[in-house]
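# Coordinate inspection notes
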Amino acid sequence: MRNFDLTPLYRSAIGFDRLAQMLNDAQRTDSQPSYPPYNIELVTEDQYRIVMALAGFDRSEIDITTERESLHIVGRKQRDGAERTYLHRGIAARDFEQRFQLANHVKVTGASFKDGMLTIELVREIPEALKPRKIAIDGVNANVEVLEQRQAA
């Protein structure tokens, strides 16, 4: 992967430092954990789903928190104290921490755990004040309303 110099972005764009930091973090592939395996699904235009395979975990060993625009999932496997001798160990069942950076206005709406699969539902809720709105040119819509009121009178 190529390295990009984001210095010009810092010089000319104000308030995009978070975006630049995310791009820098994405370039570091060694810091991205590969355990546990997960999928990120686009359900609809504004709905997302994260599905994680957590074989061997109980729901009491999983903690999900959100803070600002960050989703943090932690799994701490409880040790039962029994000594085992493995001939082959293919199920990791080790502790993990997974972080996801959420875009503005993306909220976690729910989570479920069934058959070793953790499912987290997310939705993007754009506030009414930030949604696009139609602007009347030269107040044409206002004139129509005034004319209709005069005709009714």
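Before reading further, recall that the structure is shown in the block above.
From a predicted model like this one, the values you see are computed outputs, not experimental measurements. (Residues numbered from 1 in each chain as written. Predicted model: local features only at pLDDT ≥ 70, side-chain atom pairs only at ≥ 80, totals over all residues. Heavy atoms only, no water.)

Pairing in this open sheet of 3 strands is antiparallel, and the strands run β3-β4-β5 from one edge to the other. Two strands close off the open sheet at either side, each with one partner strand: β3 (62-67) and β5 (96-101). Going from strand to strand, the sheet's axes swing by 15° on average, the running direction of each strand aside. As paired strands, strand β4 (residues 70-75) and β5 are joined by 6 bridges and run antiparallel to one another. Following the sheet pairing, L71 is matched in β5 by F100. (Pairing = 2+ DSSP bridges. Helix = DSSP H or I, 4+ residues; strand = E, 2+ residues; numbered from the N terminus. Axes fitted to C-alpha atoms, helices over the stretch in contact; angles between N-to-C directions.)

Looking at chain direction, strand β6 (residues 106-114) and strand β7 (residues 117-124) are connected through 8 bridges and run antiparallel. The partner of K107 across the bridge, within β7, is V123. Here β6 folds back onto β7, and the loop between the two strands holds 2 residues, one of which, D115, carries a positive phi near 55°.

For the rest of this paragraph, the subject is the packing of aromatic side chains. By the definition in use, this model includes 3 aromatic pairs. Aromatic pair Y35 and F96: ring centres 6.2 Å apart, planes at 85°, arrangement edge-to-face. In this pair, Y35 sits in the loop between α2 (17-27) and β1 (38-44) while F96 sits in strand β5, placing the two residues 61 residues apart along the sequence. Note on accessibility: Y35 and F96 belong to one class, buried. Arranged with centres 5.5 Å apart and planes meeting at 80°, the rings of F57 and F96 form a pair that is edge-to-face. Of this pair, F57 sits in the loop between β2 (47-53) and β3 while F96 sits in strand β5, placing them 39 residues apart in sequence. (Phe/Tyr/Trp six-rings, centres within 6.5 Å; stacked < 30°, edge-to-face > 60°. Buried < 20%, exposed > 50% of the residue type's maximum accessible area, 1.4 Å probe, protein only.)

Looking now at the pattern of salt bridges. Close approach of charged atoms allows side chains of opposite charge to pair. Enumeration over the complete set of coordinates arrives at 6 salt bridges. Linking R76 and E97 is a salt bridge whose minimum nitrogen-to-oxygen distance equals 2.8 Å. You can see R76 sitting in the loop between β4 and β5 and its partner E97 sitting in strand β5, a full 21 residues away along the chain. Since its relative accessible area comes to 37%, R76 is described here as partly exposed. One salt bridge connects R79 with D95, and the closest N-O pair in it is separated by 3.8 Å. Taken together, the residues R79 in the loop between β4 and β5 and D95 in the loop between β4 and β5 connect sequence positions 16 residues apart. Look at R79 and you get exposed, because its relative accessible area is 60%. Counted as one network, the salt bridges with shared partners bring together E41, R49 and E121. (Salt bridge = Lys/Arg side-chain N within 4 Å of Asp/Glu carboxyl O.)

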